[in-house]
There are 2 protein chains.
Amino acid sequence: MTTSREIRLKSRPVGVPTADNFELASVELPPPGDGEIQVKNLYMSVDPYMRGRMTDRKSYVPPFELGKALQGGAVGEVTASNDPDFKVGDIVSSMFGWREAYNANPRALAAAGPMGGIMKLSTHGMPPQAFLGVAGMPGMTAYAGLLRVAALKEGDIVFVSAAAGAVGSVVCQIAKIKGHTVIGSAGGPEKVAFLKEIGVDHVIDYKATPDVTAELAKVAPKGIDVYFENVGGVHLEAALNAARPFGRFALCGMISQYNETGRPTGPANIIQAVGKSLRLEGFIVSNHYDLFPAFVRDMADWINSGKLTWKETVVEGVDRAPEAFIKLFSGENLGKMLVKL
Amino acid sequence: MTTSREIRLKSRPVGVPTADNFELASVELPPPGDGEIQVKNLYMSVDPYMRGRMTDRKSYVPPFELGKALQGGAVGEVTASNDPDFKVGDIVSSMFGWREAYNANPRALAAAGPMGGIMKLSTHGMPPQAFLGVAGMPGMTAYAGLLRVAALKEGDIVFVSAAAGAVGSVVCQIAKIKGHTVIGSAGGPEKVAFLKEIGVDHVIDYKATPDVTAELAKVAPKGIDVYFENVGGVHLEAALNAARPFGRFALCGMISQYNETGRPTGPANIIQAVGKSLRLEGFIVSNHYDLFPAFVRDMADWINSGKLTWKETVVEGVDRAPEAFIKLFSGENLGKMLVKL
């Protein structure tokens, strides 16, 4: 038997999640059964979107269940296998995060649908946790959102909020690789320095400025054509004000609103979308996995040629996963927030 | 000499326009010069979008100038002509509204660009003022917004705000002709009756319900796929709540916000655009005139076969044009608001 510690949802957060909403539990894993493999997780991901699943409401994914282990991206190593396609030592990614180890039947999962399965990773020399960030779901989100949803085209001036985050920092770099002027917003000197390091043309430190709209108007006097939305609130308003005719907004997330308990503040200037013929389009990365082969090809090329880099913020121990998750909402992570298990 | 009375912008409205913002003046028109025609206007249009041009701010059209005659759609009859393409008695449409008569040089105007010219109308038995409504800019707005911007497709459930207005009532009828379930929102029993008469499946009287979101959820329990936005505010929020995944919103206007002097209320639930992969797209009809031939063909067919009808609210006398315009914002018009000259 193998002991695996896991984090369960104890109560649904109201507002900003707290440690009390989570509980640590231990389970004993039997050896893997017929067709099963056993995996020891190396890293798990905490992502802002998980906040939505902690609330009991209808959404594009069902809510997490109380008293059960949470779910999310993880990379791990196969430690025992009864599936001929997997051998001990293989590195795999799965949605069985928030736990130290698990048994799973890869074929049964694959039969249930394309998402949520176990994927054997060819790491190409990259550290496995990169597949939770730049080479995984967040990187893919950046790629699909910028290139397909926002339909990036020559000459576009690009504005990115939460620009130093796991998704935002990839958006900035893809736009720079493709030759665009990029404006990124992030909070605090460390993130500002990182964004300058990766070539972002103008950085707005939203924690240091009282008025994102004024600051954006200053650094982008000609306006913006693409807005990659991760934050909501004043950032969305600033982008609407700065947008040029036919601007395109990829709405990826609005982290400033996830913990809102009252009535969130909507963009008071949404009317500008009419006069400027703007397109605001929300998206979920899982609807764009047809781009995955192109993403892998481009990303490998960009990483191997040194054009694209990333940062990680790592917290150690499954018991500290709630802490890592909670810190996402105060923006304490630079780049991808990970939990090392 | 011909005397023409006209309405000039005396001062820029703050909030809801008042009679004081306008002044009536008289000008003496000489006989038309070389290449010019003289037109006596029969009807002029007042449209909500004109409110935007009364404010001094950058937009897709320049603001109206103080002390000068306002502009807008008008249909009139040629009374004198020095242009061989126009003869006395021809019915023409122009942007020389807000005045009883004018001289203009059709060729010079045509050379200046496709919009703002003088167009000779083949009325096909329709009253000339139809070309200010169902067969003109508002009809074209409905056509382009519903079919191209919202990309109406089979099975879509369609929600239309200001559904009894010049644009909304055409949107409703095109959607019905194409076999869709249509929900229309309008204020007051007369408009509700008209919408039922033209086959709208469910009518929401927003003046009689305290909660448009709740009402929409009741009449569209399966949700909506297309929202044709004319109003903003609570209507936009209701549509975001009711939208099904991949819903498309054609943002045509937000009349509830045009006279706002404080901070308008943005849609507090805009975050739903992310999880439901919604597309919100603003548009200006002048960018879609490549559809004009198809519009004319379809509209003639629908009108001649009795499938599409319209209502007009007519005020008489150029001196009462400001009154007609102001009434748009309290929703006193059923269908197209016109001024008979």
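Residues numbered from 1 in each chain as written. Chains lettered and ligands numbered in written order. Predicted model: local features only at pLDDT ≥ 70, side-chain atom pairs only at ≥ 80, totals over all residues. Heavy atoms only, no water.

1. Re the overall build of chain A
Phase 1: A tally of helices and strands in chain A yields ten helices and 15 strands.
Phase 2: Expected size for 341 residues packed as a compact globule is a radius of gyration near 20 Å; at 20 Å, chain A falls within 12% of this value.
Phase 3: With respect to the principal axes defined by its C-alpha atoms, chain A has extents near 65 × 45 × 35 Å.
Phase 4: Burial status across chain A gives 55% buried among its 341 residues.
Phase 5: Restricting to contacts in chain A with at least 6 residues of sequence separation, those with at least 24 account for 68%.
Phase 6: As presented, chain A carries roughly 13900 Å² of accessible surface, and 53% of it is formed by carbon and sulfur atoms.
Phase 7: Within chain A, one finds 35 positive and 35 negative side-chain charges whose respective centroids are separated by 4 Å. (Helix = DSSP H or I, 4+ residues; strand = E, 2+ residues; numbered from the N terminus. Rg over C-alpha atoms; globule rule 2.2 N^0.38 Å. Buried < 20%, exposed > 50% of the residue type's maximum accessible area, 1.4 Å probe, protein only. Contact = heavy atoms within 4.5 Å. Areas by Shrake-Rupley, 256 points an atom, 1.4 Å probe, with all protein chains shown as cover. Lys, Arg positive; Asp, Glu negative; His and termini not counted. Charge placed at Lys NZ, Arg CZ, Asp CG, Glu CD.)

2. Brief notes about the domain arrangement of chain A
Residue and element names in this part refer to chain A.
Phase 1: Domain boundaries in chain A define domain 1 (2-133 + 310-340) and domain 2 (137-286).
Phase 2: A straight line from the C-alpha centre of domain 1 to that of domain 2 covers 28 Å.
Phase 3: With 23 residues of domain 1 in contact, the opposing surface of domain 2 contributes 17 residues.
Phase 4: Here domain 1 and domain 2 share an interface that buries about 1600 Å² over both sides, 65% of which is from carbon and sulfur atoms.
Phase 5: At the surface where domain 1 touches domain 2, the tally comes to one salt bridge.
Phase 6: For E197, the salt bridge goes to K311, with nearest N and O atoms at 3.9 Å. (Domains from an automatic or database assignment. Buried area = accessible area lost by both parts, 1.4 Å probe. Salt bridge = Lys/Arg side-chain N within 4 Å of Asp/Glu carboxyl O.)

3. Brief notes about the packing of helix α3 (residues 137-149) of chain A against helix α9 (residues 292-304) of chain A
All names here are of chain A.
Phase 1: One can describe the packing of α3 onto α9 by two numbers: an axis separation of 10 Å at closest approach and a directional angle of 105°. It follows that α3 is roughly perpendicular to α9 by the angle criterion. Contacts from G139, M140 and Y143 of α3 reach α9 at F292, A294, F295, D298 and W302.
Phase 2: Within the contact of α3 with α9, the residues separate by chemical class into six nonpolar, one polar and one charged. (Axes fitted to C-alpha atoms, helices over the stretch in contact; angles between N-to-C directions. Parallel < 35°, antiparallel > 145°, perpendicular 65-115°, else oblique. Nonpolar A, V, L, I, M, F, W, Y, C, P; charged D, E, K, R; others polar.)

4. Focus on the interface of chain B and chain A
Interface size is commonly expressed as the accessible area that is lost once the parts come together.
Phase 1: Between chain B and chain A, the residue contacts involve 30 residues of the former and 30 residues of the latter.
Phase 2: Interface area for chain B against chain A, summed over the two sides, is near 2300 Å², with a carbon-plus-sulfur share of 64%.
Phase 3: When residues of chain B are sorted by the area they lose upon contact with chain A, A268, I270 and V274 of chain B head the list and together hold 22% of the total.
Phase 4: At the boundary of chain B with chain A, the tally comes to two salt bridges.
Phase 5: A salt bridge links E237 of chain A to R263 of chain B; the shortest N-O distance between them is 2.6 Å.
Phase 6: Seen at the junction of chain B and chain A, the total is five residue pairs in polar contact (both at pLDDT 80 or more). (Polar contact = N/O pair within 3.5 Å; in protein donor to acceptor, adjacent residues only side chain to side chain.)

5. Considerations on the packing of aromatic side chains
Phase 1: Going through the model one piece at a time under the given rule, you end up with 24 aromatic pairs over all chains.
Phase 2: For the pair F22 of chain A and F325 of chain A, a centre-to-centre distance of 6.2 Å together with 75° between the ring planes defines the contact as edge-to-face. In this pair, F22 of chain A sits in strand β2 (residues 22-29) while F325 of chain A sits in helix α10 (residues 321-327), placing the two residues 303 residues apart along the sequence.
Phase 3: The interplanar angle of 80° and the centroid separation of 6.2 Å between the aromatic rings of F228 of chain B and F283 of chain B together place this pair among those described as edge-to-face. Residue F228 of chain B is located in strand β11 (residues 224-229), and its partner F283 of chain B is located in the loop between β13 (279-282) and α9 (292-304); the two are separated by 55 residues in the primary sequence. Here the two residues F228 of chain B and F283 of chain B agree in accessibility, since each one is buried.
Phase 4: Aromatic rings pair up to connect Y143, Y289, F292, F295 and W302 of chain A into one cluster.
Phase 5: When the ring centre of F86 of chain A is taken as origin, the NZ or CZ atom of K120 of chain A, which lies over that ring, is 5.6 Å away. (Phe/Tyr/Trp six-rings, centres within 6.5 Å; stacked < 30°, edge-to-face > 60°. Lys NZ or Arg CZ within 6 Å of the ring centre and 35° of its normal.)

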